[in-house]
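# Structure at a glance
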Amino acid sequence: MKICAGAELSLLGQDLLLLPEKAIYWKQEKALIAADVHLGKSGHFRKAGIAIPQGIAQEDLAVLSDLIAQYQPEKLIFLGDLFHSDKNTDWDWFVLWREQFPNLEIILVIGNHDIIKDHHYHQLNIQTPKEYLLGPFLMLHHPQSHDSLEAANGYVLCGHIHPGVRLSGKGRQSITLPCFTFGKRQGILPSFGKFTGRVAIRHQDNDQVFGVLNNKVIAV
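Residues numbered from 1 in each chain as written. Predicted model: local features only at pLDDT ≥ 70, side-chain atom pairs only at ≥ 80, totals over all residues. Heavy atoms only, no water.

## Regarding the nonpolar core
- Ranked by size, the top nonpolar core spans 31 residues in total, and within it Phe-78, Leu-82, Phe-94, Trp-97 and Tyr-121 carry the most contacts.
- Mapped by element, the contributors of at least two residues to this core are strand E2 (14-19), strand E3 (23-26), strand E4 (31-34), helix H2 (56-71), strand E5 (75-78), helix H3 (89-99) and strand E6 (105-108).
- In terms of residue count, the dominant contributor to this core is H2 (6 residues). (Core = buried A, V, L, I, M, F, W, Y, C linked by side-chain atoms within 4.5 Å. Buried < 20%, exposed > 50% of the residue type's maximum accessible area, 1.4 Å probe, protein only. Helix = DSSP H or I, 4+ residues; strand = E, 2+ residues; numbered from the N terminus.)

## Comments concerning the confidence of the model for the chain
- Averaged over all residues, the pLDDT of the chain is 87; the fraction at 70 or higher stands at 83%.
- Counted against residues more than four places away or in other chains, residues 48-53, with its pLDDT under 50, gives 7 contacts. (pLDDT = per-residue confidence, 0-100. Contact = heavy atoms within 4.5 Å.)

## What about the packing of aromatic side chains?
- Enumeration according to the criterion identifies 10 aromatic pairs in this entry.
- Between Phe-83 and Phe-94, the ring centres sit 5.5 Å apart and the planes meet at 80 degrees, which makes this aromatic pair edge-to-face. Separated by 11 residues along the polypeptide, Phe-83 in the loop between E5 and H3 and Phe-94 in helix H3 bring together distant segments of the chain.
- A centroid spacing of 6.0 Å and a plane angle of 75 degrees characterise the contact between Phe-137 and Tyr-155, whose relative ring orientation is edge-to-face. Of this pair, Phe-137 sits in strand E9 (residues 137-139) while Tyr-155 sits in strand E10 (residues 155-158), and the two are 18 residues apart along the sequence.
- Each residue in the set Phe-83, Trp-91, Phe-94, Trp-97, Phe-101 and Tyr-121 is aromatic and connected to the rest through ring pairs, giving one cluster. (Phe/Tyr/Trp six-rings, centres within 6.5 Å; stacked < 30°, edge-to-face > 60°.)

## With respect to the environment of Phe-94
- Residue classification places Phe-94 among the buried positions, given a relative accessible area of 0%.
- Taking the C-alpha atoms as reference, Phe-94 lies 9.8 Å from Phe-83; in sequence the two are 11 residues apart.
- Once residues within four sequence positions are removed from consideration, Phe-94 is found in contact with Leu-39, Leu-61, Leu-82, Phe-83, Tyr-121, Leu-124 and Ile-126.

## Description of the sheet that holds E6
- Reading across the sheet, the 7 strands line up as E1-E2-E3-E4-E5-E6-E7 and stay open at both edges, with mixed pairing between neighbours. Looking at which strands have only one partner, the edges of the open sheet turn out to be strand E1 (7-11) and strand E7 (126-127).
- Sheet topology note: the E2/E3 ladder contains 4 bridges and is antiparallel. By the bridge assignment, Leu-18 is partnered in E3 with Ile-24. (Pairing = 2+ DSSP bridges.)

In structure tokens form, the structure reads like this:
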């Protein structure tokens, strides 16, 4: 199994390990947290006649399996957009994958792309709340505005925007890395799925930003 270098972050008395697989392992709760997997996206594009390689969903599920084997979590929390659209052949792969971990508690915080009916997830023993409060953290899909954060009953962890950070070299070259961003009241996770893009976002001066570079997570 590939062992990669994560970055440790202490937040509100909790120990978070930011993983190069673009997920978080929360040590106290023995929980894996990931956002924006977008399973089924490649199949969705293929149905529309766009040539997209097969096997992307299986690769993402294999990465999840490796993380579960390595960290032995009791919970797996998806921060929305687990599936990109309606059920397709990737759903069948997901059902088979779920059967491998019958004792793992899975929570899917519903995102804007999660249009598959809740009862399909419930049949797989997967919870589907719109928000999920655990310890000091309020799990959501969408980032919140300043006013909403002031009224939130926890530190928000979310996804949705597929955040990236742009790094520039001494010349004109630059690269945009997927990143974790932690502000005063909100943390935004990078998109977990391989078939997703990233957008460089404007960060505040006091934000803690961690870029994902190859097999390690670096503070930037």
